[in-house]
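Chain and residue survey
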Amino acid sequence: MIIPLGAFGVLVGLLAGAPYFTLPFKLAIGSSAAVATALFILGIKFRAHLWGKIVNVLGAYLWCATGVIGFGPH
């Protein structure tokens, strides 16, 4: 449930038109989401190793944190 909610937060952060959703904020959300996705995919690829599992979990946590931040200061 948290992963889809994070995705919704990322979409809100990237597509909202409120004045506090500035271009640098949107770039930060987009780059953080890209890094989280890359970490998650890298962790899936190397999930047989302990570090692959750790990277996978870090990617998921970063995705969720990005989604929470993407909702903005409501």
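Residues numbered from 1 in each chain as written. Predicted model: local features only at pLDDT ≥ 70, side-chain atom pairs only at ≥ 80, totals over all residues. Heavy atoms only, no water.

Focus on helix α3 (residues 50–70)
Let me state the cut-off plainly: Here a strand is any run of E in DSSP of at least two residues, a helix any run of H or I of at least four, and the numbering for each starts at the N terminus. To estimate the expected span of a helix, count its residues, drop one, and scale the result by 1.5 Å. Working definition: with a 1.4 Å probe on protein chains only, accessible area under 20% of the residue-type maximum means buried, over 50% means exposed, and in between means partly exposed. Residues count as neighbours in contact if any of their non-hydrogen atoms are within 4.5 Å of one another.
In a regular helix each residue adds 1.5 Å, so 21 residues correspond to 30 Å; α3 covers 30 Å between its end C-alpha atoms and thus fits that length. Buried within α3 are the following residues: G52, V55, N56, G59, A60, W63, C64, T66, G67 and G70. Contact partners of the buried residues in α3: α1 (2–15) and α2 (23–45). Once α3 finishes, G72 follows within two positions and takes phi at roughly 80°, a positive value.

Looking at the side chain of N56
By the element assignment, N56 lies in helix α3. A relative accessible area of 14% places N56 in the buried class. Those residues in contact with N56 that sit more than four places away from it in its chain are L39, F40, G43 and I44.

Brief notes about the packing of aromatic side chains
As a reminder of what qualifies: Centres within 6.5 Å make a pair out of two Phe, Tyr or Trp rings, where for Trp the six-membered ring is used; the pair is then stacked when the planes are under 30 degrees apart, edge-to-face when over 60, and tilted otherwise.
One pass over the full model with this rule turns up 4 aromatic pairs. An aromatic cluster is built from Y20, F21 and F25, whose rings are joined through pairwise contacts.

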